[in-house]
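Descriptive analysis of the structure
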Amino acid sequence: MILAQGMGWPRLIRVLLGLVQGYRGQLAATFVLGVARVVALIGVGVLSALVVKHVKMGQPFGLLLVALAVVAPLAGLLHWIESWLAHDIAYRLLTDMRLDMFRKLDALAPAYLTRRRTGDLVGVATHDIELIEYFFAHTITPAFVAVLVPAAVIATLWVFGWPLALVLLPFLLYAALTPVLARARIDRLGSRAREMSGDLNAHAADSVQGLGEIVAFQRVRARGEEFAAKAKDYQAVRVPFLRDLTLQSARQEVATGLGGLAVVLAGAWLAASGRLDGGMLPLLTLLAMSAFVPVWEIAQVGRQLADTLGAARRVYAVHAEPVPVTDGPGVRRPSGIADIALEMTRVSFAYPGRRRRALTDVSFSVPAGSTVALVGPSGAGKTTVANLLLRFWDPDAGVVRVGGHDLREYELDDLRRRIALVAQDTYLFNDTLRSNILLARPGASAEELLAAVDKAALDDFVAALPDGLETVVGERGAQLSGGQRQRVAIARAFLKDAPILILDEATSHLDAVSEQAVRSALDVLSRDRTTRGHRPSPVDGAGRRSDHRARRRARGGGRRPREPARPRRPLRAPRVPPAHRRGRLVAGC
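Residues numbered from 1 in each chain as written. Predicted model: local features only at pLDDT ≥ 70, side-chain atom pairs only at ≥ 80, totals over all residues. Heavy atoms only, no water.

1. Things to note about the overall build of the chain
Across its full length, the chain holds 21 helices and 9 strands. Each of the 589 residues in the chain was classed as buried or not, and the buried ones make up 48%. Intrachain contacts of the chain at a sequence separation of at least 6 include 81% that bridge at least 24 residues. A total of about 29100 Å² of accessible surface is found on the chain, and carbon and sulfur atoms cover 59% of it. (Helix = DSSP H or I, 4+ residues; strand = E, 2+ residues; numbered from the N terminus. Buried < 20%, exposed > 50% of the residue type's maximum accessible area, 1.4 Å probe, protein only. Contact = heavy atoms within 4.5 Å. Areas by Shrake-Rupley, 256 points an atom, 1.4 Å probe, with all protein chains shown as cover.)

2. Some words on the sheet that holds strand 1 (residues 342–349)
Strand order in this open sheet of 4 strands is 2-1-4-5, and the pairing throughout is antiparallel. Looking at which strands have only one partner, the edges of the open sheet turn out to be strand 2 (359–366) and strand 5 (405–406). Examined bridge by bridge, strand 1 and strand 4 (residues 397–402) share 5 bridges and lie antiparallel to one another. Bridging across to strand 4, Thr345 finds its partner in Val399. Against the sheet, helix 14 (residues 382–389) touches strand 1, strand 2 and strand 4, its axis set at about 115° to strand 1. (Pairing = 2+ DSSP bridges. Axes fitted to C-alpha atoms, helices over the stretch in contact; angles between N-to-C directions.)

3. Describing the pattern of salt bridges
Across all of its chains, the model carries 14 salt bridges by this definition. Arg103 serves as the salt-bridge partner of Asp100, at 2.9 Å between the closest nitrogen and oxygen. Of the two residues, Asp100 and Arg103 both sit in helix 3 (residues 62–108), 3 residues apart, roughly one turn of that helix. Looking at Asp100, the relative accessible area reads 35%, which means it is partly exposed. Of the charged contacts, one joins Asp361 and Arg346 as a salt bridge, the two residues approaching to 2.8 Å between their closest N and O atoms. Taken together, the residues Asp361 in strand 2 and Arg346 in strand 1 connect sequence positions 15 residues apart. A relative accessible area of 13% means that Asp361 is categorised as buried. What emerges from the salt-bridge pattern is a single network uniting Asp414, Arg417 and Arg418. (Salt bridge = Lys/Arg side-chain N within 4 Å of Asp/Glu carboxyl O.)

4. Focus on the side chain of Asp406
Locating Asp406 in the fold gives a position in strand 5. We classify Asp406 as buried; its relative accessible area is 16%. In this structure, Asp406 is in contact with Val399, Val400 and Arg401, ignoring residues within four places of it in sequence.

5. A few points about the confidence of the model for the chain
Here the chain averages 77 in pLDDT, while 83% of its residues score no lower than 70. This stretch, residues 541–547, has a pLDDT under 50; its non-local contacts, to residues over four places away or in other chains, come to 24 contacts. Here residues 549–589 is a poorly scored stretch, pLDDT under 50, and it has 123 contacts once near neighbours within four places are set aside; other chains count. (pLDDT = per-residue confidence, 0-100.)

6. What to know about the packing of helix 2 (residues 24–57) against helix 11 (residues 281–290)
Packing of helix 2 against helix 11 brings their axes to within 9 Å, and their N-to-C directions diverge by 165°. Between helix 2 and helix 11, the angle is such that the two are roughly antiparallel. Considering the relative orientation of helix 2 and helix 11, their crossing is right-handed. The residues of helix 11 that touch helix 2, namely those facing Ile42, Gly45, Val46, Ala49 and Leu50, are Leu283, Leu286, Leu287 and Ser290. The class makeup of the residues in the contact of helix 2 with helix 11 is 7 nonpolar, 2 polar and no charged. (Parallel < 35°, antiparallel > 145°, perpendicular 65-115°, else oblique. Left-handed = near helix turned anticlockwise from the far one by under 90°. Nonpolar A, V, L, I, M, F, W, Y, C, P; charged D, E, K, R; others polar.)

7. Quick look at the pairing of strand 7 (residues 500–503)
Along a regular strand, successive side chains alternate from one face of the sheet to the other. Here strand 7 shows a buried face lined by Ile500 and Ile502 and a second buried face lined by Leu501 and Leu503. Pairing between strand 6 (residues 419–422) and strand 7: 4 bridges, direction parallel. Residue pairing across strands places Val422 opposite Leu503, the latter belonging to strand 7.

8. Things to note about the side chain of Asn387
You can see Asn387 is positioned in helix 14. Beyond its immediate chain neighbours, meaning those up to four positions away, Asn387 contacts Tyr351, Phe392 and Trp393.

9. So, unusual backbone geometry
Only a minority of non-glycine residues have a phi that is not negative, and only a minority of peptide bonds are not trans. Look at Arg346: it is not a glycine, yet its phi comes out positive at around 50°. In this structure Arg346 comes out as exposed when scored by relative accessible area, which is 54%. The phi torsion at Asp361 lies on the positive side, around 55°, for a residue other than glycine.

10. Describing the packing of aromatic side chains
Under the definition given, this model contains 4 aromatic pairs. An angle of 90° between the planes, with centres 5.1 Å apart, marks the rings of Tyr351 and Trp393 as edge-to-face. In this pair, Tyr351 is assigned in the loop between strand 1 and strand 2 and Trp393 in the loop between helix 14 and strand 4, connecting sequence segments 42 residues apart. Of the residues examined, Trp393 reaches a relative accessible area of 7% and is grouped as buried. The structure contains a cluster of three or more aromatic residues connected by ring pairs, namely Phe349, Tyr351 and Trp393. (Phe/Tyr/Trp six-rings, centres within 6.5 Å; stacked < 30°, edge-to-face > 60°.)

11. Regarding helix 17 (residues 446–455)
Of the residues making up helix 17, those classed as buried are Leu449, Ala452 and Val453. The arc that holds every buried residue of helix 17, seen down its axis, measures 100°, which confines them to one face. When the buried face of helix 17 is taken as reference, the exposed residues oriented beyond 90 degrees from it are Glu447 and Leu450. Against helix 16 (433–438), helix 18 (459–464) and helix 19 (482–496) lie the buried residues of helix 17. (Arc of directions from axis to C-beta.)

12. A short note on the environment of Thr384
With respect to the element layout, Thr384 can be found in helix 14. Taking relative accessible area as the criterion, Thr384 reaches 5% and is therefore assigned buried. With 120 residues separating them along the chain, Thr384 and Asp504 place their C-alpha atoms 9.8 Å apart. Side-chain polar atoms of Thr384 contact the side chain of Tyr351, separated by 2.7 Å. (Polar contact = N/O pair within 3.5 Å; in protein donor to acceptor, adjacent residues only side chain to side chain.)

Structural data, given as structure tokens:
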């Protein structure tokens, strides 16, 4: 769960105000319009009171009616323009924040994603960022107006009679400070509610994605009860939160009524003593009541502001995560095949949060143009080797090299441009078959795309589809079989045309027929490349095979081996005859 902690209102306001620096002109215009809107609303009340007074006194009031006819719609127009400008700023800023969030997740992936639930992260990137809109659109300008307008009203009442201002001030201060004084508890409840909402979203996403398994194993009732329990936890946090806000609103309404009554009593006393024109008393009472209008508006967004703080804390929690892997200074482009060799030297690595190492003191080398297979049971660390070669993580000890350079010297894009991966679990997006293959090289020509489809043995399948390459494959490629998804991954590798190929158990989940089709495509793909693979079948022609299981057990990991453990020594790929080095390095897992 992503916790809503670590940021208070002072810091939040500094951070969020820093985001609006590029919109200062629009923000100033919004502020002016906000003040003008409230003045127009006050003007409607004042003009109405003056009309009543003139009618009572038998004085002409035609001009007052004309002014009222102008000011009344003007208040609505000013409100619309102010709201439009404020929301324009807000949603532009939200767009920037979502892009920043995507860039941050891109920098953190995939290491960070292994520690967080997808549904929770989606909630941060969508709903939590959306909630910050309330600060930009409903808080910045109204907060300034809520200070300026009451101050102007108090000053005006002081001019007509200082007792009017004096009796109103305590009620106005109470109405303004009540939300502030109760802010800590409401913010705490709001932040907790955001955490519970994220957990609820993550559970719902897990349930939808695993609905087939839930139904197959008859866990619908149990899963539903788990969801209901989480919903009740959310309710248990939300109800006290809303109760406190309701009490705040009720107290503010009482303060407003008593403030108006106090002004009436003070005005009556002043009028009885001859210090105030009695006809002005209704006008001044309306003016006093109008001082509460901007304060009400701030109070009404109290719930959203508490949610905004909780949401901003969760967004901040993601941005505060240190990036585990960063660009190196860069290396020169390879000048020949020898510059594509792979090497691991005494590499040890443990995934974050785990005590048991996935790799311990592993060494091997893969000469350019050769094929090496790492074999062993599940959990032996074969996929970890692939992850380190792609620099998804850095090793805790030892060095991983490509072309003689430590991977930490490469720019990440440059390194990953040299490597094509065919994973055991290929992710396909809910898009067309064409778009999913072009993920490997979006700028590829139509001829290059069709050539990759043909080499991956997908041409017959594509020809049988009514929409061909424009067929939408469904979420996670649900419309395709396992073998078809793997061949899409192979087509991506053909299209990328990288000098290093990593096969991460590319045929592990396939039936015999599908595996044969995929193996044929992999045979073509592996030519003239350096290949590393996990399972023996797709790399049966490997120049050398390393039993990763035996090496793990020799280091004390796993169960006792059935045969004596091999001595701990670096794994070295055999020299490959020059005839086999035809320009590419292929590594298969």
